[in-house]
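# Geometric and topological summary
The chain contents come next:
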Amino acid sequence: METVAKIQTGLRLTPMLLTKLKKNANKEGKTFNRYVEEVLERSVMSDTPKLNREDFIPDDDLLSLGKTIPAFTQEEIDRDPRLSCILSV
C-alpha cells in the first residue's frame, strides 16, 4: 500500500460539531482524524461522477470510427489519460 504524505492542519470547530464528529468516528470505529478525512473526501468526491467503463462500451459503428484516429506515440498516450482510456478499448 502506497503511503501518501499528509499535511497537518488546524481547524476551528464549534464544540458541538467537534463532539458530533468524535461521536460519529467512535460509532464507526475510526480515529477522529480518519473519520474527518473520509467525510471531507466524500464531500469533494460527490461533485465528481463515478463512471464505470462497462457503461460506455462503444458499439461497432463507433469502433469503426476509431480506424480514422491517427497513430500516436506511446509517450503521447502515456501523457494523456483520456487518450490512453480511449485507445485501450
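The structure displayed is predicted, hence computed values, not measured ones.

This brings us to the overall build of the chain. Across its full length, the chain carries 5 helices and 0 strands. Seen in sequence order, the chain has helices and strands lined up from the N terminus as α-α-α-α-α. Burial status across the chain gives 10% buried among its 89 residues. Accessible surface computed for the chain: about 8500 Å², of which carbon and sulfur atoms make up 58%.

This brings us to a nonpolar patch on the surface. Together, L11, L13, L17 and F32 line one region of the surface with nonpolar side chains, adding up to about 330 Å² of accessible area. You can see F32 is positioned in helix 2 (residues 32-45).

Let's shift gears to the confidence of the model for the chain. Looking at the chain, the pLDDT average stands at 84 and 89% of residues meet or exceed 70. Model confidence for the chain, summarised as mean pLDDT per element, is weakest for helix 3 (residues 60-65) at 76 and strongest for helix 1 (residues 15-27) at 96.

With that out of the way, let us pick up helix 2. End to end, helix 2 covers 20 Å across 14 residues, agreeing with the expected 20 Å (1.5 Å per residue, within 8%). Looking only at helix 2, the buried set comprises Y35, V36, E37 and E38. As for helix 2, its buried residues are in contact with helix 1.

Time to look at helix 1. The end-to-end C-alpha distance of helix 1, which contains 13 residues, comes to 18 Å, matching closely the 18 Å that a straight helix rising 1.5 Å per residue would cover. Two residues or fewer past helix 1, G29 is found with a positive phi of approximately 70°.

What counts, and where the lines are drawn
- Residues numbered from 1 in each chain as written.
- Predicted model: local features only at pLDDT ≥ 70, side-chain atom pairs only at ≥ 80, totals over all residues.
- Heavy atoms only, no water.
- Helix = DSSP H or I, 4+ residues; strand = E, 2+ residues; numbered from the N terminus.
- Buried < 20%, exposed > 50% of the residue type's maximum accessible area, 1.4 Å probe, protein only.
- Areas by Shrake-Rupley, 256 points an atom, 1.4 Å probe, with all protein chains shown as cover.
- Patch = residues over 30% accessible without salt bridge, like charges linked within 9 Å, V, L, I, M, F, W, Y side chains within 5 Å.
- Salt bridge = Lys/Arg side-chain N within 4 Å of Asp/Glu carboxyl O.
- pLDDT = per-residue confidence, 0-100.
- Expected span 1.5 Å × (residues − 1).
- Contact = heavy atoms within 4.5 Å.

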